Amino acid sequence: MLGKGVLISPSLLACDFGRLKEEVQMVQEAGADWLHVDVMDGHFVPNLTMGPVVVEAVRKASRVPLDIHLMLDRPQDYFKAFMDAGADSLTVHLEASALKEPSTLRETLESIRKIGARAGLSLRPKTAAEAMKPFLDITDLVLVMSVEPGFGGQAFIPEAIPKVRQIRGWYQGDISVDGGINAETGKLMKDAGANVLVAGTSIFRAPSYKEAIRAIRG
Ligand code: DX5
Ligand code: ZN
């Protein structure tokens with residue numbers, strides 16, 4: 001929550017999966033506050049990534065909270081599997097095809113809380129901040145995308161900066177930002193009101209994870 005300083009959540013999408021356990025341990029030792037896991041279904045986004053078995057392996061290798069970003073059209077079908085695997089927060093997209101109905105989205109966020117996870121709500125770069133407003137009372141974590149979801153290593157979209165500022169005007173909880181975050185864009189997002197910075201490439205492609213995390217934290 002606000003007041004605790006900035007939290008860094010390295011995105012494992014950019015790690016070396018052949019050495020998953022070591023990567024998780026190294027980035028944790030380097031100061032990661034959370035670990036961000038990108039789950040993609042090939043429908044909501046064109047890419048496919050990892051599921052509960054990978055989350056289970058990450059859980060065994062680490063003790064920090066696992067921040068699961070569900071880029072899925074029907075995320076609700078997998079909540080239990082990710083919880084059993086060790087998830088701490090489950091973030092859904094408000095554009096997901098099975099969550100288009102506002103009442104369904106509300107029930108879905110409530111169901112995440114009911115199973116004991118933090119309920120996260122994310123929006124794509126093209127979605128206006130206003131779309132999120134009716135759900136903020138049942139959201140524990142907002143995730144503002146600063147790239148089009150689907151792939152790591154993309155360029156930061158600056159339109160995400162005023163969006164964070166706008167949401168911060170309405171919301172006191174955690175605001176996380178994801179996509180193209182490095183020391184420079186991270187600072188812009190912190191100044192706009194974000195308090196959780198997700199970063200893949202800028203940490204896992206850096207020579208020192210510790211230095212990279214320190215630079216992003218600022
Ligand atoms: C993109 C993912 C991001 C991605 C960020 O769909 O949600 O978490 O891993 O990667 P970088 O930091 O490389 O932009
Ligand atoms: Zn992500």
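Right above here is the structure, for reference.
This write-up is about the structure you can find in this document. (Residues numbered from 1 in each chain as written. Chains lettered and ligands numbered in written order. Predicted model: local features only at pLDDT ≥ 70, side-chain atom pairs only at ≥ 80, totals over all residues. Heavy atoms only, no water.)

1. Topic: the sheet that holds strand E7 (residues 174-178)
Selection rule: Here, any two strands with at least 2 DSSP bridges between them count as paired. The helix and strand labels rest on DSSP assignments: H or I over at least four residues marks a helix, E over at least two residues marks a strand, and numbering proceeds from the N terminus. Note on definitions: angles span 0 to 180 degrees between N-to-C directions of axes, and those axes are lines fitted to C-alpha atoms, for helices only across the stretch in contact.
Here we have eight strands laid out as an open sheet, ordered E1-E8-E7-E6-E5-E4-E3-E2, and parallel in their pairing. The sheet is open, and its two edges are formed by strand E1 (7-10) and strand E2 (35-40), each paired on a single side. In this sheet, neighbouring strand axes are inclined to one another by 25 degrees on average, regardless of whether the strands run parallel or antiparallel. Examined bridge by bridge, E7 and strand E8 (residues 196-199) share three bridges and lie parallel to one another. Opposite Asp178, over in E8, you have Val198 as the bridge partner.

2. A few points about the packing of aromatic side chains
Here a ring pair, both rings aromatic, is described through the centre-centre distance and the interplanar angle of the planes. As a reminder of what qualifies: Think of it this way: a Phe, Tyr or Trp ring, Trp meaning its six-membered ring, pairs with another when their centres are within 6.5 Å, and the plane angle makes it stacked under 30 degrees, edge-to-face over 60, tilted otherwise. Relative accessibility under 20% of the residue-type maximum defines a buried residue, over 50% an exposed one, and the middle range a partly exposed one, all with a 1.4 Å probe and only protein chains included.
Evaluation of the coordinates by the stated rule reveals one aromatic pair. Here the aromatic rings of Phe204 and Tyr209 are separated by 5.3 Å at their centres, their planes lie at 70 degrees, and the arrangement is edge-to-face. For the pair formed by Phe204 and Tyr209, the shared burial category is buried.

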